[in-house]
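# Architecture and fold: a report
The residues making up each chain are set out below.
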Amino acid sequence: LGLDSEFALFETVTCALFDSFPRLRKHKMMVTSLMCLACFLLGLPCVTQCGQYVLDLMDTYGASLSVMVIAVAEMVAIMWGYGVNNFCQDIKYMLGFTPGWYFKVCWVVISPVFLVVIFIAACSDWHQPSYGSVSYPPWAHTIGWVLMLVSVIQIPFWLFIMTIVSLMEGGSWSTFHPTSSWLARRNEANSTFIYKPDQSINSIDSFIKPPFTCHMEDTSMVSVSTLPLPPSDQGRAGMDCSIAKRMHQHDQPAICLTDPP
């Protein structure tokens, strides 16, 4: 559980860095290695003699209330601020399909409501953490609150900064709207980030040519079909009639793959 969660969290940070600083993509190995080293050094206090207390403080303050605050802010900012329709159009552009109404309802209503209810319940039941019978000193709780605020305060801080930047550059509230460059890429016809097969082809029968005849060694005739393939540097791109003959001798269906006409 901890290992696969670490992969997801680590990839989130690396993707944010590479998107913000595209030049770092040329040095992906170095950047990833430095981040792994930094995480290793930050994790060393957790394996010391008193590391369990450090881990308990980090888990209580840094991975409980703050995670729910970040989750609620993320859902509200993307689904309500950016817009669920814009988000679905982005998914359609990148993945080739549009999410159904079930996911839209979950993203817009159900998930934020559940997260807020869980957050309120957690706040009402919250008490200062202690490890068994060991109570932490006041300065330890102060470090815990600072740890939580460091992650939570990033949301309003960067919202304020990016809003000011957008107002200075464009004079509008473009923070909650797709950028013009992204809209231009999204509106390109027949352009996606991934390969999408032609949905008009439903079966192999829709693009196999009409049957033709191949002469077998016993001078009999057999009906086979041709399947055009791209030309190859090695000669014919596929199976010729000699292979079809051998398949016919073993009572196997034969398809002659030929060069495009």
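Since the model is a prediction, treat every value here as computed from it, not as a measurement.

Let us now look at the packing of helix H3 (residues 51-95) against helix H4 (residues 101-124). Packing of H3 against H4 brings their axes to within 9 Å, and their N-to-C directions diverge by 170°. Viewed along their axes, H3 and H4 adopt a mutual orientation that is roughly antiparallel. From H3, Leu 65, Met 68, Val 69, Ala 71, Val 72, Met 75, Met 79, Trp 80, Val 84, Phe 87, Cys 88 and Ile 91 reach across to H4, where they touch Lys 104, Cys 106, Trp 107, Val 108, Ser 111, Pro 112, Leu 115, Val 116, Ile 118, Phe 119, Ala 122 and Cys 123. Tallied by class, residues from the contact of H3 with H4 come to 22 nonpolar, one polar and one charged.

Next up on the list: the pattern of salt bridges. A side chain of one charge can pair with a side chain of the opposite charge when the charged atoms of the two come close. Counting across every chain of the model gives one salt bridge. In this structure, Arg 25 and Asp 19 form a salt bridge, with 3.1 Å as the shortest nitrogen-oxygen distance. Take Arg 25: its relative accessible area is 48%, and that puts it in the partly exposed class.

Among the surface-exposed residues, Trp 101, Tyr 102, Phe 103, Val 105, Val 109, Ile 110, Val 113, Phe 114, Val 117 and Ile 118 lie close enough to one another that they form a single nonpolar patch of about 1000 Å² accessible area. Locating Val 113 in the fold gives a position in helix H4. Assessed through its relative accessible area of 47%, Val 113 is described here as partly exposed.

This brings us to the packing of aromatic side chains. The tally for this structure, following the rule as stated, stands at ten aromatic pairs. Aromatic side chains Trp 101 and Tyr 102 sit 6.5 Å apart centroid to centroid with 85° between the ring planes, which places their arrangement in the edge-to-face category. Given a relative accessible area of 67%, Trp 101 falls into the exposed group. Between the aromatic rings of Phe 157 and Trp 158, the centroid separation amounts to 5.2 Å while the plane-to-plane angle is 80°, which identifies the pairing as edge-to-face.

Take the confidence of the model for the chain next. Averaged over all residues, the pLDDT of the chain equals 74, while 69% of them reach at least 70. The lowest-confidence element of the chain is strand E4 (residues 221-226), averaging 45 in pLDDT; the highest-confidence one is helix H2 (residues 28-43), averaging 91. Predicted confidence for residues 189-240 stays below pLDDT 50, and this span has 84 contacts to residues more than four positions away or in other chains. Below a pLDDT of 50 lies the segment residues 252-261, which in the model reaches 39 contacts outside its immediate sequence neighbourhood of four places, other chains included.

Time to look at the nonpolar core. Looking at soluble globular proteins, one finds that nonpolar side chains tend to be buried together. Counting residues in each nonpolar core, the largest one holds six residues, listed as Met 75, Met 79, Val 84, Cys 88, Ile 91 and Trp 107. Here this core takes five residues from H3, the largest share from any one element. Apart from residues lying up to four places away in sequence, Ile 91 is in contact with Gly 96, Phe 97, Pro 99 and Trp 107.

With that settled, the discussion passes to H4. Taking 1.5 Å of rise per residue, the 24 residues of H4 would be expected to cover 34 Å, and the 34 Å separating its terminal C-alpha atoms lies within 8% of that figure. Buried residues along H4 sit in contact with H3.

With that settled, consider the packing of H3 against helix H5 (residues 138-152). For the pair H3 and H5, interaxial distance at closest approach is 9 Å and the crossing angle is 30°. By the criterion of interaxial angle, the relationship of H3 to H5 is roughly parallel. The chirality of how H3 crosses H5 is right-handed. In this structure, H3 contributes Leu 57, Met 58, Tyr 61, Gly 62, Leu 65, Ser 66, Val 69 and Ile 70 to the contact, and H5 contributes Ala 140, His 141, Gly 144, Trp 145, Leu 147, Met 148, Ser 151 and Val 152. The residue inventory of the contact of H3 with H5, partitioned by class, reads eleven nonpolar, five polar and no charged.

This part takes up the side chain of Ser 66. Mapped onto the fold, Ser 66 is located in helix H3. Owing to a relative accessible area of 1%, Ser 66 belongs among the buried residues under this scheme. Each residue touching Ser 66, except ones within four places of it in the same chain, is listed here: Tyr 61, Met 148, Ser 151 and Val 152.

Cut-offs applied
- Residues numbered from 1 in each chain as written.
- Predicted model: local features only at pLDDT ≥ 70, side-chain atom pairs only at ≥ 80, totals over all residues.
- Heavy atoms only, no water.
- Axes fitted to C-alpha atoms, helices over the stretch in contact; angles between N-to-C directions.
- Helix = DSSP H or I, 4+ residues; strand = E, 2+ residues; numbered from the N terminus.
- Parallel < 35°, antiparallel > 145°, perpendicular 65-115°, else oblique.
- Contact = heavy atoms within 4.5 Å.
- Nonpolar A, V, L, I, M, F, W, Y, C, P; charged D, E, K, R; others polar.
- Salt bridge = Lys/Arg side-chain N within 4 Å of Asp/Glu carboxyl O.
- Buried < 20%, exposed > 50% of the residue type's maximum accessible area, 1.4 Å probe, protein only.
- Patch = residues over 30% accessible without salt bridge, like charges linked within 9 Å, V, L, I, M, F, W, Y side chains within 5 Å.
- Areas by Shrake-Rupley, 256 points an atom, 1.4 Å probe, with all protein chains shown as cover.
- Phe/Tyr/Trp six-rings, centres within 6.5 Å; stacked < 30°, edge-to-face > 60°.
- pLDDT = per-residue confidence, 0-100.
- Core = buried A, V, L, I, M, F, W, Y, C linked by side-chain atoms within 4.5 Å.
- Expected span 1.5 Å × (residues − 1).
- Left-handed = near helix turned anticlockwise from the far one by under 90°.

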